[in-house]
Amino acid sequence: MGFLDNLENTLKSNEAREERADTASGRRNQKLAEAERSRARSIQPLVDELKKGKFTADLLNEVTRIAHGLRTKVYITWIGTTLRLEARQHRLELMPTPDGIVATTFVDASATGSQTIDLKKSSKPLAEKWMQAVGPRPEPKILEAE
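So, here's what we can say about the structure. (Residues numbered from 1 in each chain as written. Predicted model: local features only at pLDDT ≥ 70, side-chain atom pairs only at ≥ 80, totals over all residues. Heavy atoms only, no water.)

What follows concerns the pairing of strand 1 (residues 75–79). With 5 bridges connecting them, strand 1 and strand 2 (residues 82–87) associate as antiparallel partners. Pairing of Ile 76 across the sheet is with Leu 85, part of strand 2. Counting the residues in the hairpin turn of strand 1 and strand 2 gives 2 residues, including Gly 80, whose phi is positive at 65°. (Pairing = 2+ DSSP bridges. Helix = DSSP H or I, 4+ residues; strand = E, 2+ residues; numbered from the N terminus.)

In structure tokens, the structure reads:
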């Protein structure tokens, strides 16, 4: 009987320990979820302005116009609240944060720059700067026959 009693006590203490751990991690998860909801509420006006505002429409029009002249395709994607523009190996992401809209540029997978933008101003300088970094389409290489 001593072995079975010992086993039963061990199982009970393990269950009690797991319940305490679940309660503590549950509180932690609840706090994290509340912080995320609070952050989402604080940036919601910026998200709405970014998705439906004149700045974004003008930016997309300007980038498309410049890219057409460069013979480059720009892929436009919404990932959650982030607007992503991709051309060749270059990427521009506009992400709402509690401090404002942050525009981050990437070449391949590395971030090359970041700035906070004002949605009340013109989007043309941002479009021109990014498309200048993308640059003209490379000329095709012609192989010479020997």
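The next subject is the pairing of strand 2. The sheet contact formed by strand 2 and strand 3 (residues 90–97) spans 5 bridges and is antiparallel. The residue bridging Glu 86 from the neighbouring strand is Arg 91, located in strand 3. Where strand 2 folds back on strand 3, the antiparallel hairpin that results is connected by 2 residues, among which Arg 88 adopts a positive phi of roughly 50°.

Together, Phe 3, Leu 4, Leu 7 and Leu 11 give the surface a local cluster of nonpolar side chains, amounting to about 430 Å² of exposed area. Here Leu 7 is to be found in helix 1 (residues 2–52). By relative accessible area, Leu 7 is classed as partly exposed at 41%. (Patch = residues over 30% accessible without salt bridge, like charges linked within 9 Å, V, L, I, M, F, W, Y side chains within 5 Å. Areas by Shrake-Rupley, 256 points an atom, 1.4 Å probe, with all protein chains shown as cover. Salt bridge = Lys/Arg side-chain N within 4 Å of Asp/Glu carboxyl O. Buried < 20%, exposed > 50% of the residue type's maximum accessible area, 1.4 Å probe, protein only.)

Inspection of the secondary structure puts His 90 in strand 3. With relative accessibility at 9%, the residue His 90 sits in the buried group. Of the polar contacts made by the side chain of His 90, one reaches the backbone oxygen of Ala 133; its length is 3.4 Å. Apart from the residues within four sequence positions on either side, His 90 is in contact with Leu 85, Phe 106, Val 107, Trp 130, Ala 133 and Val 134. (Polar contact = N/O pair within 3.5 Å; in protein donor to acceptor, adjacent residues only side chain to side chain. Contact = heavy atoms within 4.5 Å.)

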